[in-house]
Amino acid sequence: MTLYRASVLDVPGDPFADDPGQALRAELDGGLLVRAERIVARGAYQELRREHGGEEVVDLRGGVLLPGFVDTHVHFPQIRAIGGLGMPLLDWLQRCALPEEERLAERSYAEAVAGEFLAGLSSAGTTTALVFGSHFADAMDALFTAAATSGLRITAGQVLSDRVLPPSLLTTAGRGLAEGRALMQRWHGHGRLRYAVTPRFSLSASEPLLEVCEELLAEPGTWFTTHINENTAEVDQVATYFPARAHYLDTYSHHNLITDRSVLAHNVHATDQELEVMAAAGAWAAHCPTSNAALGSGLFPLRRHLRYGVGVALGSDVGGGTGFSLLKEGLQAYFGQQLLGPAGQPLGPAHLLYLSTRAGALALGMAEEVGDLSVGKAFDAVWLRPPARSTLDIVLDHAADAPDMVAKIFALGTPADVAGVWVGGQRLTPPQDNPSASTHSRPQEAA
Ligand SMILES: [Zn+2]
């Protein structure tokens, strides 16, 4: 067994339902005793040390230990497209995202991107993710192959579209079903991997393709994810493609795709009716704050989601979002709610930590396993230890209490502060230099 000594901070309950002042659990000189992959004891370090004197001690003082982050919406093929600023959604897809996604038709390209993508997640402290995949089955096989050795908990699936997008990204109902089944058979339930049925959005999915999604989702333990209500132009276009449906959500629920295994990205422009249906089904929203701001999609109606009882977790939405860090997403979520004024949901430190950890675990049906650092949970953790005398290091030294520490971490923390990441009790090795990644010439070098 291993005894970890650290300032341990987590949110085992729901700060939106409970007293937010009590929701943050903190052990500033805490101990976590880990056997194999699980936490078997937790408490004050000195007490655990007395009871388990013979165990190896890993000293993680001089920083904080948080549950590993859970990213509920992040696109595997878009890491190289991060930073396309100044466009609304449909233009951005056309000019930035889709041309890059077409390049994943080539297996070797997809393999390089898969390595970069998984390293991006882990180096930001993300240990569990619901990953929006590629349109190409072979690229998905490359992702799952790399994910299987990464140690990360990845739920992902092939993206399905059969209209509107560039021809190379389109499939047919028959091919989508066959490729989805083959991928599922190979990877669903393999180690920490699961399959997610993933139509891109109903704008690019015909009724027969949505029927295929329903068929694929019949496999036990699979998840469902897609986009919804991100941008008003997209919402209007979906309405013209589906005149018989009551609302955008109905394009999915008509095919029985909205259940407690569904995570819907964005939902910025949700109607009350849609929120009612989501709540009744137990479906979750993946809120992607930096993406919503970068693409000018709008400010997320968090308070309305909560009022209807719809669960909300965070997604980085790389590459519409501006990076893998869920600390940045948490901060941007806070900004967005502040800007909404009285319609906004005030977010404190416990809310931000909850949204980036336990809420995601709940959305993915994994809260029995991960999301907080309780006894019985897997030891999935991120150790944030800012460089000495960095601004975060200085303000943490002067934090008033545990909530203040968490607020400062969300205000200032970046992937550069991630000093260690564990999944299932195993420490992940930092990403190695990938020589193939540096062979391309940067624009200034080529000029
Ligand atoms: Zn997305």
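The residue count restarts for each chain, going from 1 along the sequence in the order it is written. Whole-chain, interface and lining totals are the exception, using all residues; otherwise, since this is a predicted model, local features are given only for residues with pLDDT of at least 70 and side-chain atom pairs are given and counted only at 80 or more.

### Description of the nonpolar core
And then number 1: To form a nonpolar core, buried Ala, Val, Leu, Ile, Met, Phe, Trp, Tyr and Cys residues must be joined through C-beta atoms within 7 Å. Each residue is classed by its C-beta neighbour count within 10 Å, where at least 20 other C-beta atoms makes it buried, 12 or fewer makes it exposed, and intermediate counts make it partly exposed; the C-beta atoms are placed from backbone geometry. By size, the foremost hydrophobic cluster in this structure holds 139 residues, and its most contacted members are Leu 65, Ala 114, Leu 143, Cys 213, Ala 313, Leu 353 and Val 406.
And then number 2: Every residue in contact with Ala 114, bar those within four places of it in the chain, is listed here: Phe 76, Ala 142, Leu 143 and Ala 146. Working definition of a contact: two residues with C-beta atoms, positioned from the backbone, lying within 7 Å.

### Quick word on the packing of helix H13 (residues 326–339) against helix H14 (residues 349–356)
And then number 1: As a rule, the C-alpha atoms of each element are fitted with a line to give its axis, helices using only the stretch in contact, and angles between N-to-C directions run from 0 to 180 degrees. Going along the chain from the N terminus, every DSSP run of H or I of four or more residues is numbered as a helix, and every run of E of two or more is numbered as a strand. Packing of H13 against H14 brings their axes to within 10 Å, and their N-to-C directions diverge by 130 degrees. The angle between H13 and H14 falls in the class oblique. When you trace H13 past H14, the crossing you get is right-handed. On H14, the residues touching Leu 326, Glu 329, Gly 330, Ala 333 and Tyr 334 of H13 are Leu 352, Leu 355 and Ser 356.
And then number 2: All amino acids are sorted into three groups, where Ala, Val, Leu, Ile, Met, Phe, Trp, Tyr, Cys and Pro are nonpolar, Asp, Glu, Lys and Arg are charged, and the leftover types, Gly among them, are polar. Along the lines of polarity and charge, the residues of the contact of H13 with H14 split into five nonpolar, two polar and one charged. The labels follow the angle: roughly parallel below 35 degrees, roughly antiparallel above 145, roughly perpendicular from 65 to 115, and oblique for the rest. Helix crossings get a hand from a simple test, with the near helix turned counterclockwise from the far one by less than a right angle marking a left-handed crossing and a clockwise turn marking a right-handed one.

### Section: the packing of H13 against helix H17 (residues 402–412)
And then number 1: Close contact between H13 and H17 brings their axes to 7 Å; oriented N to C, the two are set at 100 degrees. Compared by their axis directions, H13 and H17 come out roughly perpendicular. Where H13 approaches H17, its residues Leu 327, Gly 330 and Leu 331 are matched on the opposing element by Ile 409, Phe 410 and Ala 411.

### Comments concerning the domain arrangement of the protein chain
And then number 1: Domain boundaries shown here were taken from an automatic or database domain assignment. As assigned here, the protein chain comprises domain 1 (2–67 + 372–445) and domain 2 (69–339).
And then number 2: Between domain 1 and domain 2, the residue contacts involve 19 residues of the former and 20 residues of the latter.
And then number 3: The set of elements that each furnish at least two residues to the side of domain 1 that touches domain 2 consists of H17 and strand E16 (418–423).
And then number 4: Looking at the side of domain 1 that touches domain 2, its residues break down into 13 nonpolar, five polar and one charged.

### Describing the pairing of strand E8 (residues 153–157)
And then number 1: Buried residues dominate E8, accounting for five of its five residues.
And then number 2: At least two bridges found by DSSP between two strands are what make those strands a pair. Alignment of strand E7 (residues 126–132) against E8, held across five bridges, turns out to be parallel. Bridge pairing in E8 places Val 131 opposite Ala 156.
And then number 3: Every crossover in which the path from the first strand over the helix to the second runs clockwise, viewed with the strands pointing away from the viewer, is termed right-handed. Remark: the E7/helix H5 (residues 137–150)/E8 crossover connection has right-handed handedness.
And then number 4: Both E8 and strand E10 (residues 193–199) contribute to a ladder of three bridges, which runs parallel. Looking at E10, one finds that Ala 156 is bridged to Tyr 195.

### Things to note about unusual backbone geometry
And then number 1: A cis amide bond links Val 318 to the next residue, Gly 319, at an omega of 5 degrees.
And then number 2: Tracing the chain through its elements places Gly 319 in the loop between strand E14 (311–314) and H13.
And then number 3: Positioned with a positive phi, Ala 36 is a non-glycine residue whose angle comes to about 50 degrees.
And then number 4: Examined against the element boundaries, Ala 36 turns out to sit in the loop between strand E2 (25–35) and strand E3 (38–44).
And then number 5: Backbone geometry places Val 164, a non-glycine residue, at a positive phi of 75 degrees.
And then number 6: Mapped onto the elements of the fold, Val 164 is located in the loop between strand E9 (159–160) and helix H6 (173–187).

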